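What follows is the residue order along each chain.
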Amino acid sequence: MSEQRNKTTILEKTFVQLRLLYEREGIEPGALVKIGLKPGWTVVVGTKGECGTAFSFSGPHKAYEGHQVDLEVLKRSVGQNLMDVISESIRSTLIPLRSVAVAAMSALSQRFLSVDSLTKRGLQIWDDQSLLERVITPNDVVTLIGYGGMVQNVLGRCKELHVADMRSRESLLTTIIGEEIEYEPKRLTLHGPEDDEALLDRSDVVIITASSLVNGTFDDLLRYASHARAVGLYGPSASIIPEVFFEHGIDFVMSHHVINPKKFIDSMENDMNMESALKKFQKYQVMLPANGI
């Protein structure tokens, strides 16, 4: 986990901006009703229907040891103002607590992620295919931080596709056993996090998973990508007001807006994993600054 203890991170600056938005609008944040812990995800639910999601590096996506938090510690946050929940956990060195903070920020951000709210604040909303067609050229070196659905969107669009992830090759790629043992897809090169700095320094386009907000690596990754022509942030954990990210060098955010909180919460509680809730009850959207790409 990257140490950011002595400086204000981009995530913390975003939290300050979120507070200001609530104060300007005269809105009182809800209190924490429940925390849902799903394999790989944390969901936060508030008294005013707020709900947000963040990656948690748990279950099949476990990447860290020694980050357990007693459930009673989490339970003590129930009933607290969601802003206070964030304040208490945003600088934690423990992944589960940081995941709660990011999920709570997502929950409080939802009212500001509607098309009306975004356009009122001067931001653009695109669809992902038109964005990728505009951003990525056939001669580009593209690096994705985090193996996920974005891989399929980028495959075949560029000269080189690199993916950096903390998880093992076997947990991410498909193993094909025939005359030889091979791994698919072959059109990408998989790396460990030790290659992040060198990879991002030579990349034309960089797309960073928002789980980096949870494990504290985001600011370093953004610094490594400073020479890239375009840098994006993607994933459910990026369902947060985007202005501060744009101010610090992110060119686009590919994320979601919860469109049916009641059904989202029901799916979180009753479905085996988060896939149904993430796909069915959120609206996918790409956010850009007013003078973006």
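Let me sum up the structure you'll find in this document.

To continue, consider the environment of His227. As for its position among the elements, His227 is in the loop between α11 (218–224) and β11 (230–234). A relative accessible area of 60% means that His227 is categorised as exposed. For the pair His227 and Met272, spaced 45 residues apart in sequence, the C-alpha separation works out to 41 Å. At a separation of 3.0 Å, a polar atom in the side chain of His227 contacts the side chain of Asp201.

Our next topic: the environment of Leu190. With respect to the element layout, Leu190 can be found in strand β9 (residues 189–191). For Leu190, a relative accessible area of 16% puts it in the buried group.

Looking now at the pattern of salt bridges. A complete count under the given rule lists nine salt bridges for this structure. The salt bridge partner of Glu12 is Arg91, with a shortest N-O separation of 2.6 Å. In this pair, Glu12 sits in helix α1 (residues 10–25) while Arg91 sits in the loop between α3 (82–89) and α4 (95–109), placing the two residues 79 residues apart along the sequence. Judged by its relative accessible area of 28%, Arg91 is partly exposed. Here the salt bridges do not stand alone but share partners, grouping Glu182, Glu184 and Lys186 into one network.

Calculation criteria
- Sequence order sets the numbering: in each chain, residues are counted from 1 along the sequence as written.
- Where totals are concerned, whole chains, interfaces and linings use all residues; where local detail is concerned, this predicted model gives features only for residues with pLDDT of at least 70, and gives and counts side-chain atom pairs only at 80 or more.
- For side-chain calculations, the full set of non-hydrogen atoms in the structure is used, while hydrogens and water are omitted.
- Here a strand is any run of E in DSSP of at least two residues, a helix any run of H or I of at least four, and the numbering for each starts at the N terminus.
- Residue burial is assigned from relative accessible area. The probe radius is 1.4 Å, only protein chains are included, and a residue is buried under 20% of its type maximum, exposed over 50%, and partly exposed in between.
- Any pair of nitrogen or oxygen atoms within 3.5 Å is treated as a polar contact; in protein, a donor-acceptor pairing is required on top of that, and neighbouring residues in sequence qualify only through side-chain atoms on both sides.
- A pair is scored as a salt bridge if a Lys or Arg side-chain nitrogen falls within 4 Å of a carboxyl oxygen belonging to Asp or Glu.

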